[in-house]
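Structural description and commentary
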Amino acid sequence: MKNPANISSNIRLGLCCQFLNEPIKFRNTTVKASSQMERKAALEKLSRLCRENALALQSSLEFCAAHRIGCFRINSQILPLKTHPECGYQMSDLPAGAEIVELFQKCGAYAREHDIRTCFHPDQFVVLNSPRQDVVERSIAELEYQSEVAEWVNADVVNIHGGGGYGDKPAALKRFAKNLKHLSPRARSRLTVENDDKTYTPADLLPLCQETGIPLVYDAHHHRCLPDALSIEAATEQALTTWNREPLFHISSPLEGWQGPRPNRHHDFIDIQDFPLCWKGLQLTVEVEAKAKEQAVLNLMQLLQRCRT
């Protein structure tokens, strides 16, 4: 790639979900553990975990503010087991449900005050274009839950992949578009779709985005792993047109290099040569998908600053 000199300071870097070295932890539990408890005791435990996660989110945002990290991706299990068919719950079921919602709303106020963008990236089981109705229904329930929390914390993105190809990608994307009508305005307005490294390229998804108004979260690493006729520059330009707010993209580097056996695996850090030059000068959020978490974000921040000097 070209020398990444003079990359602009307009880039807002994003930290994804958790920390490598900081003593900030998010708590979770299992279906097995919860189902073996009396319902009252299980709800008390879940209430405690949710409250601890709200406090951990506040600490995460404070870390971001202190280190000039402009975006934080919130763990999908911030409310553990929230939509599970047997162990799930409403906030009103929890002993401290109202207090927990208030704590998350305080996180949202803090994020607004310090200009920290927040977002969600639901787990891989969220497949909006599945031919199985039960999978679609569970996916919609998960999107609605995460969008409800997104409303509390001022998050404007709930990002998913296109889903499976099922032997007919055009038909699968038509199902995706059709199933959008089942989402509430709260979920629909936050939903974005990302190109992946196995099934859907930017060229596959851009017509869907243009038809439905769903923004494209452009992942440059995925695009290199699963290329199409578009260059990185062209994919960037077209992805930008799908956004009605600050665009959000993804960056990562391959663990064993681009010539390695599995270039889709993420490295601990970002190689500055993998940062697209065409992103220079853009007002853009770039989530850093790297195993070293906050250390990777801070390292990339330093590399980009050196490129501007």
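These numbers were taken from a predicted model, which means no experiment stands behind them.

Calculation rules
- Residues numbered from 1 in each chain as written.
- Predicted model: local features only at pLDDT ≥ 70, side-chain atom pairs only at ≥ 80, totals over all residues.
- Heavy atoms only, no water.
- Phe/Tyr/Trp six-rings, centres within 6.5 Å; stacked < 30°, edge-to-face > 60°.
- Helix = DSSP H or I, 4+ residues; strand = E, 2+ residues; numbered from the N terminus.
- Lys NZ or Arg CZ within 6 Å of the ring centre and 35° of its normal.
- Buried < 20%, exposed > 50% of the residue type's maximum accessible area, 1.4 Å probe, protein only.
- Pairing = 2+ DSSP bridges.
- Contact = heavy atoms within 4.5 Å.
- Axes fitted to C-alpha atoms, helices over the stretch in contact; angles between N-to-C directions.

A full pass over the atoms with the stated rule returns eight aromatic pairs. Considering the side-chain rings of Tyr218 and Phe249, the 5.6 Å spacing of their centres and the 85° angle between planes classify their relative orientation as edge-to-face. A residue pair is termed long-range when its members are at least 10 positions apart, and Tyr218 in the loop between strand E6 (216–217) and helix H8 (220–225) and Phe249 in strand E7 (residues 248–251) qualify at 31 residues. A connected cluster of aromatic rings, assembled from ring pairs, spans Phe19, Phe26, Phe63 and Phe72. Across from the ring centre of Tyr89, 5.8 Å away, lies the NZ or CZ of Lys82, which sits over that ring.

With that settled, consider the pairing of strand E4 (residues 157–161). The element E4 is largely enclosed, with a buried count of five among its five residues. The two faces of E4 match: Val157, Asn159 and His161 on one face and Val158 and Ile160 on the other face are all buried. Judged from the two bridges that link them, strand E3 (residues 117–120) and E4 form a sheet pairing that is parallel. Bridge pairing in E4 links Cys119 to Val157. Of the strand pairs in this sheet, E4 and strand E5 (residues 191–194) are connected by four bridges, and their pairing is parallel. Pairing of Ile160 across the sheet is with Val193, part of E5.

With that settled, the discussion passes to the sheet that holds E6. Each strand in a sheet pairs with its neighbour through backbone hydrogen bonds, running either in the same direction (parallel) or in the opposite one (antiparallel). Reading across the sheet, the eight strands line up as E6-E5-E4-E3-E2-E1-E8-E7 and stay open at both edges, with parallel pairing between neighbours. Two strands lie at the open edges of the sheet, namely E6 and E7, each paired on one side alone. In this sheet, E6 lies alongside E5 in parallel orientation, the contact comprising two bridges. Residue pairing across strands places Glu194 opposite Val217, the latter belonging to E6. Here helix H10 (residues 294–307) sits on the sheet in contact with strand E1 (11–16), E7 and strand E8 (284–288), set at roughly 165° to E1.

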